[in-house]
Amino acid sequence: MTGLDYLWQALTPLNVLLALAGVVAGTVIGSLPGLTATMAVAVLVPITFSMEPASALILMGAIYTGAIYGGAYAAILLNTPGTPSAIATTFDGYPMAKRGDGDLAITLACVSSVVGGLIGAAFLLGLAPPLAEVALAFGPVEYFWLAVFGLTLISALSEGNLLKGLIGACFGLLLACIGVAEISADIRFTFGSQVLLGGIETVSALIGLYCIPVMIDLVATPDRHLKVTQQPRGFRLKEALAISWLGKFNLIRSSVIGTLVGILPGAGGSIAGLVAYSEARRSSKRSAFFGKGEPEGVQATESANNATVGGGFIPTLVLGIPGTPPDAVILGALLIQGVRTGPSLFTENGAIVYTFIYGLILATVLMLPAGLVIGRYAYKSIITVPKAILVPTVAFMTMIGTYAIRNSISDVVIMIVLGVVGWFLNRFGFSPSPIVLGLILGRIAEQGFVQAWTIGAATEDLTGMFFGRPISLVIILFTLISLFYPLIRKHWATTGGTANAG
Amino acid sequence: MQVESKSRSDLAGTVTAVVFILMACLALWDTTSMTDSDSYVFPRAIAAAMIVFCILLIAYNFIKRPADEAAGGTGSASTPRRVGLVAAMLGASLVMPWVGFLLSGFCAFGAIMLFAMYDPWTGRRRIVFPVAGLAIVLGFYTLFSKVLLVPLPVGVWFR
Amino acid sequence: MDILRKIGATTVVAAMSLAAIAMISGVPTAQAFPDKPVNYIIPFGPGGESDITARHQQSFFKEKFGQDLVIAYKPGGGGAVGWSQLNGMIGDGYTMMGINLPHIVVKPLQKDVGFKTEDITGVYMFHYTPDAIVVNASSDIKSLQDLVDYAKANPGKLTMSGSGKGTANHLAQVRFDKMAGVKTTYVAFKGTGKAVAALLGDQVKAEWGYTSVGAKHEGKVRMLAVAMEQRHPKFPDVPTFKELGFDLVSGAYRGIAVPKSTPEDVRVKLSEMIGEINADPEFRKRMENDGMALLDVGYKDLNAFVAEQAKAYEEAAREAGVIK
């Protein structure tokens, strides 16, 4: 282990306190839809001016990691992913909560997040400089294929009607184009409207498409929001640990996927959870239960998205290129303090980096008790609060949360309208997930495509650009496997006659 | 929406597809105002793909008698309450620039509480629920505007 | 009452855990203006260069004027969402917004974005980040001459990454190509970070970046020339374009604007205050260390300055096809 002597520096009472406070605050913030880690970290920047750089980093890192875990609450209990990285948590978490296993899902999410966070931090600790090179090896065309790979998930998500899934994805891809184009700076699809000028903000779209339909249906009947089983059952930690032990390969694989994909600046955070989910589903014996409340699905996304925290810090600290939006804020805070990032940070400024990494590990460990207690509290609140309070509270939260992302009322209006559109579409058989996938991956795909095309055309080698690069070919291979795997599986099932998955 | 419950002949899907085609055409028309090929290549390709998929869906719906697609069971669901929820949220966000965040938040909260109320208004609830609502709105308002320093709209009328 | 308590407690816990760490000691001093915190809106997301420079100002503002400078973000539309709402805000001197050139010139020329360049009441342009051509440290392009030679020998094949289109990077590329009589291919990325990543990963041959890229990635990149009047104090060995015979002085200029309704005396006062921060030697040192260049264009001279820059931008933007 490198820099073990810094472990004790990380364990000063102040740092332990900061890590705990950060994790608690982060978890609470992350659980409120619309309140993002980016925002929480940005609010803290001025306070960190007067702190030691390492302590400041620990605080911000703790908030960040807590917020990623906290996002699981809203995803599980309200079907509302607070960040793109929690989208896949809703697929199985919400069905689990619906059938009365919300407490188990939350505890499971907590255990998975801790495992994912620790594995991510371990990579950051041991392999950061070489792994940062991976981020550089990813050129525009790789991002393009990665986005395409993500889009193939649509085929898995829209069982029953692939056409509707594809149409939904196109709708999402078109929504992504609204506003000022991110690289060409052209103003598209606003039709002269100031409301649309800023484009569709991803998190507000997530809140609209996932949460508003739940609210609309919740208000229409007197039924309880979630099924409640007889007695309170404690944390159900034993049960969760048993499931985690059984799913240990899933946890480790998802965490490694989360770390590696998380290294990719910009795209990593949102895609990691989806990739881990689809891989878990593909390799699981219980793949038929995915999407219907399968604990393995929650494990996969929750471990992957917390692993992206460590993964995202790799390019941030080694290259000075932020992996995720919260990383960008943290990097900015470091720059202001006069800390220069780069490979030399690990050798010359080891005190800062290693103290921080150990602090991050400490925060992740502290997340287990803190997360269990807060999660239990969140679950109990959601199931005991009467509907006449729950619905307006959640509705109000979605509004203030959406507003706060960009301090924009237009975003709130867009969020509500998208919610209504999503509710209708869902009734007509167009589920929200392909739309959201299109919205998120559309931007990545478009940028990658345009840049790769520009470079390919300039060097007069378009074919080589799109089909001649090794990493691209691997991603294309994965895409094909993911597309045709259901067919292959079916083929095996009929010829072998052994597989008997529900 | 109440009409199509079971064994619907995906009419809604067909109609939606037509709407999406119109939307894609609108998008295609808008791309003609773009000068940079970087801006229009992608949206044009997507809009075209959307039209193709929609036509396929319409054709599919015509050719094949669709199997029973269970829509979300409507049962005795109340449409007025649904409309009320959306109207309250939308109304509050539209008047927010004028009346400010706090007031529109209180109004929306109160209105939605009424729409979501299924239990009888007993004397205790009459007091506890509004007070709880007040506390929640104020609590979040304080958290956002004072702690997280979010500049929530003040309202032109109250400047 | 159980419910009430729970909900109350949730918000209290949330507020407290944050407040506990967010405790900033605010001791207001008796002063005419400002006597309460000043809101400083950045029309971009957090973590960008506009944010970082504002953060640099933040601590000096507090030190000099005894009030907090509260930074809030209003991203969207490449800044246009914020600027189009600026004049609707309260003009009492407690609300100001960051402005960027060439954005405030180019955006309104593209389409109707809800504001015109002349609607914006700037009070001070305080710095600019000069454009610079950057190559990977391992590149065999050692000087600007090498680059021009390569571009001449391989028209269009020299790929250069840069941040966005219609930006300082892009317009500098267009202007430089014209001056040098070469044709290079500009590859737009979302933000400087991604443009640098493309350079470091050898996805492109060179980058139209900023001096701040050279500061942030010292040792990994080589700057060929900077678009300044004089050499940058942090990089005494890097020549200016002017020295090499290209009349190019450009960059991303940043300043501060206020709502139109702000009274004249407050505008002047704010302008003086920002100038005072700019004059602080420690502030200058920090900014220059980040690769930025300071600039002092006060309230009185601002319009003339913007108008002068606008001409060059408009011409380049038209040439680049960003505006019709």
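**Overview of the overall build of chain A**
In terms of helices and strands, chain A carries 21 helices and 2 strands. Its C-alpha atoms give chain A a radius of gyration of 22 Å, near enough to 23 Å, the size a compact globule of 502 residues would have. With the principal axes as the frame, chain A shows a C-alpha extent of 65 × 60 × 60 Å. A buried classification covers 71% of the 502 residues belonging to chain A. For chain A, long-range pairs separated by at least 24 residues make up 80% of all intrachain contacts whose partners lie at least 6 apart in sequence. About 15400 Å² of surface is accessible on chain A, with carbon and sulfur atoms providing 69% of the total. When the 26 positive and 24 negative side-chain charges of chain A are each reduced to one mean point, those points stand 13 Å apart.

**Structural notes on the overall build of chain C**
Tallying secondary structure elements over chain C gives 11 helices and 10 strands in all. For 324 residues, the compact-globule estimate of 2.2 N^0.38 gives 20 Å, and chain C sits close to it at 22 Å. Along the first, second and third principal axes, the C-alpha set of chain C runs to 80 × 45 × 40 Å. Taken as two groups, the 37 positive and 36 negative side-chain charges of chain C have centres that lie 6 Å from each other.

**Brief notes about the pattern of salt bridges**
Going through the model one piece at a time under the given rule, you end up with 28 salt bridges over all chains. Between C:K178 and C:E319 there is a salt bridge, with its nearest N and O atoms 3.7 Å apart. With C:K178 in helix α6 (residues 168–180) and C:E319 in helix α11 (residues 299–320), this residue pair connects regions lying 141 residues apart in the sequence. Its relative accessible area of 44% is what places C:E319 among the partly exposed residues. Salt bridges here are not isolated pairs; linked through shared partners, they connect A:R99, A:D101, A:D103, A:R236 and A:E239.

**A closer look at the environment of A:V23**
Residues and elements named next belong to chain A. Locating V23 in the fold gives a position in helix α2 (residues 13–31). Along the backbone, V23 and I374 are 351 residues apart, and their C-alpha atoms lie at a distance of 11 Å. Here V23 is in contact with A62, T65, G66, A363, M367 and A370, once residues within four sequence places are set aside.

**Section: the packing of aromatic side chains**
Per the stated rule, a full pass over the model turns up 36 aromatic pairs over all chains. Each member of the aromatic cluster is reached from another via a ring pair, and the members are A:F144, A:W145, A:F449, A:W453, A:F466 and A:F467. The lysine or arginine in question, A:K248, covers the ring of A:W245, its NZ or CZ lying 4.3 Å from the ring centre. Residue placement shows C:K36 over the ring face of C:Y94; its charged tip is 4.7 Å from the ring centre.

**Describing the interface of chain A and chain B**
Facing the 64 residues of chain A at the interface are 71 residues of chain B. Across the interface of chain A and chain B, roughly 5900 Å² is buried in total on both sides, 82% from carbon and sulfur atoms. When the buried surface of chain A facing chain B is broken down by residue, A:V219, A:F396 and A:R427 rank first, second and third, together holding 12% of it. In this structure, the connection of chain A to chain B is made through 2 salt bridges. For A:D217, the salt bridge is made with B:R82, and the minimal N-O distance between the two is 2.7 Å. Where the side of chain A that touches chain B is concerned, the elements lending two or more residues are α3 (37–48), α8 (162–177), α9 (202–220), α17 (387–406), α18 (409–427) and α19 (432–458) of chain A.

**Thoughts on the packing of helix α12 (residues 268–283) of chain A against α19(A)**
All names here are of chain A. Taken N-terminus to C-terminus, the directions of α12 and α19 make an angle of 125°; their axes are 11 Å apart at the nearest point. Taken together, the axis directions place α12 and α19 in an arrangement best described as oblique. Considering the relative orientation of α12 and α19, their crossing is left-handed. Contact residues: S270, I271 and L274 in α12; L437, I440, L441 and I444 in α19.

**Thoughts on the domain arrangement of chain C**
Residues and elements named next belong to chain C. Taken domain by domain, chain C comprises domain 1 (36–128 + 252–320) and domain 2 (129–226). The distance between the C-alpha centroids of domain 1 and domain 2 comes to 26 Å. Taken together, the contact pairs 19 residues of domain 1 with 14 residues of domain 2. A buried area of about 1300 Å², summed over both sides, lies between domain 1 and domain 2, and 60% of it is on carbon and sulfur atoms. Scanning the region where domain 1 abuts domain 2 turns up 2 salt bridges. Across the pair K178 and E315 runs a salt bridge whose closest N-O atoms are separated by 3.9 Å. Taken together, the links from domain 1 to domain 2 amount to 5 residue pairs in polar contact (both at pLDDT 80 or more). Taken together, the elements giving at least two residues each to the side of domain 1 that touches domain 2 come down to β4 (121–136), β9 (251–258) and α11. Examining the composition of the side of domain 1 that touches domain 2, we find that 7 residues originate from one element, α11, more than from any other.

**Considering the packing of helix α5 (residues 87–137) of chain A against helix α16 (residues 350–384) of chain A**
Residues and elements named next belong to chain A. In the contact formed by α5 and α16, the axes pass within 9 Å of each other and the chain directions differ by 180°. One way to sum up the angle between α5 and α16 is to call them roughly antiparallel. In terms of residue class, the contact of α5 with α16 is built from 19 nonpolar, 8 polar and 1 charged.

**Observations regarding unusual backbone geometry**
Residue C:P102 follows C:L101 across a cis peptide bond; omega there is 5°. Mapped onto the elements, C:P102 comes out in the loop between β3 (95–101) and α4 (103–110). For A:F191, which is not a glycine, the phi torsion comes out positive at approximately 50°. Within the fold, A:F191 resides in the loop between β2 (187–188) and α9. According to the relative accessible area criterion, A:F191 is partly exposed, its value standing at 41%.

**Observations concerning the interface of chain A and chain C**
Counting residues at the interface gives 60 residues for chain A and 59 residues for chain C. The junction of chain A with chain C conceals about 4900 Å² of combined surface from both sides, 66% of it contributed by carbon and sulfur atoms. Of all residues in chain A, A:I187, A:I336 and A:R340 give up the largest surface area on contact with chain C, accounting jointly for 11% of the area buried on that side. Here chain A is connected to chain C by 2 salt bridges. Across the pair A:E460 and C:K157 runs a salt bridge, and its minimum N-O distance is 3.9 Å. Taken together, chain A and chain C are joined by 11 residue pairs in polar contact (both at pLDDT 80 or more). Mapped onto the side of chain A that touches chain C, the elements with two or more residues apiece are α2, α3, α4 (53–78), α5, α14 (325–336), α16, α17 and α19 of chain A. Of the residues that constitute the side of chain A that touches chain C, the class distribution is 37 nonpolar, 16 polar and 7 charged.

**Some remarks on α9(A)**
All names here are of chain A. The terminal C-alpha atoms of α9 lie 27 Å apart, and with 19 residues this matches the ideal 27 Å at 1.5 Å per residue to within 8%. Burial runs high along α9: 18 of the 19 residues are buried. Here α9 starts with a cap whose side-chain oxygen sits 2.9 Å from the backbone nitrogen of V203, and that cap is E201.

**Section: the confidence of the model for chain A**
Keep in mind that low pLDDT regions are not for reading the predicted coordinates in detail. All names here are of chain A. In this model, chain A carries a mean pLDDT of 88, and residues with pLDDT of at least 70 account for 96%. When mean pLDDT is taken per element in chain A, α18 scores highest with 95 and helix α15 (residues 343–347) scores lowest with 75. Low pLDDT (under 50) marks residues 497–502, which in the prediction has 5 contacts with non-local residues, meaning those over four places away or in another chain.

**Let's talk about the side chain of C:R267**
Residue and element names in this part refer to chain C. Structurally, the position occupied by R267 is in helix α9 (residues 264–279). On the accessibility criterion, R267 (13% relative accessible area) is buried. A polar contact of 2.9 Å, which involves the side chain of R267, links it to the backbone oxygen of T262. Ignoring anything within four residues of it in the chain, the contact list for R267 reads T121, V123, V258, K260, T262 and Y299.

**Digging into the environment of C:F44**
All names here are of chain C. Along the chain, F44 falls in the loop between β1 (38–42) and α2 (49–65). Spatially, the C-alpha atom of F44 lies 10 Å from that of I99, the residues being 55 residues apart in sequence. F44 has contacts with S50, Y73, K74, P75, G78, G79, W83, N100 and H103, leaving out every residue within four places of it along the chain.

Rules behind the numbers
- Residues numbered from 1 in each chain as written.
- Chains lettered and ligands numbered in written order.
- Predicted model: local features only at pLDDT ≥ 70, side-chain atom pairs only at ≥ 80, totals over all residues.
- Heavy atoms only, no water.
- Helix = DSSP H or I, 4+ residues; strand = E, 2+ residues; numbered from the N terminus.
- Rg over C-alpha atoms; globule rule 2.2 N^0.38 Å.
- Buried < 20%, exposed > 50% of the residue type's maximum accessible area, 1.4 Å probe, protein only.
- Contact = heavy atoms within 4.5 Å.
- Areas by Shrake-Rupley, 256 points an atom, 1.4 Å probe, with all protein chains shown as cover.
- Lys, Arg positive; Asp, Glu negative; His and termini not counted.
- Charge placed at Lys NZ, Arg CZ, Asp CG, Glu CD.
- Salt bridge = Lys/Arg side-chain N within 4 Å of Asp/Glu carboxyl O.
- Phe/Tyr/Trp six-rings, centres within 6.5 Å; stacked < 30°, edge-to-face > 60°.
- Lys NZ or Arg CZ within 6 Å of the ring centre and 35° of its normal.
- Buried area = accessible area lost by both parts, 1.4 Å probe.
- Axes fitted to C-alpha atoms, helices over the stretch in contact; angles between N-to-C directions.
- Parallel < 35°, antiparallel > 145°, perpendicular 65-115°, else oblique.
- Left-handed = near helix turned anticlockwise from the far one by under 90°.
- Domains from an automatic or database assignment.
- Polar contact = N/O pair within 3.5 Å; in protein donor to acceptor, adjacent residues only side chain to side chain.
- Nonpolar A, V, L, I, M, F, W, Y, C, P; charged D, E, K, R; others polar.
- Expected span 1.5 Å × (residues − 1).
- pLDDT = per-residue confidence, 0-100.

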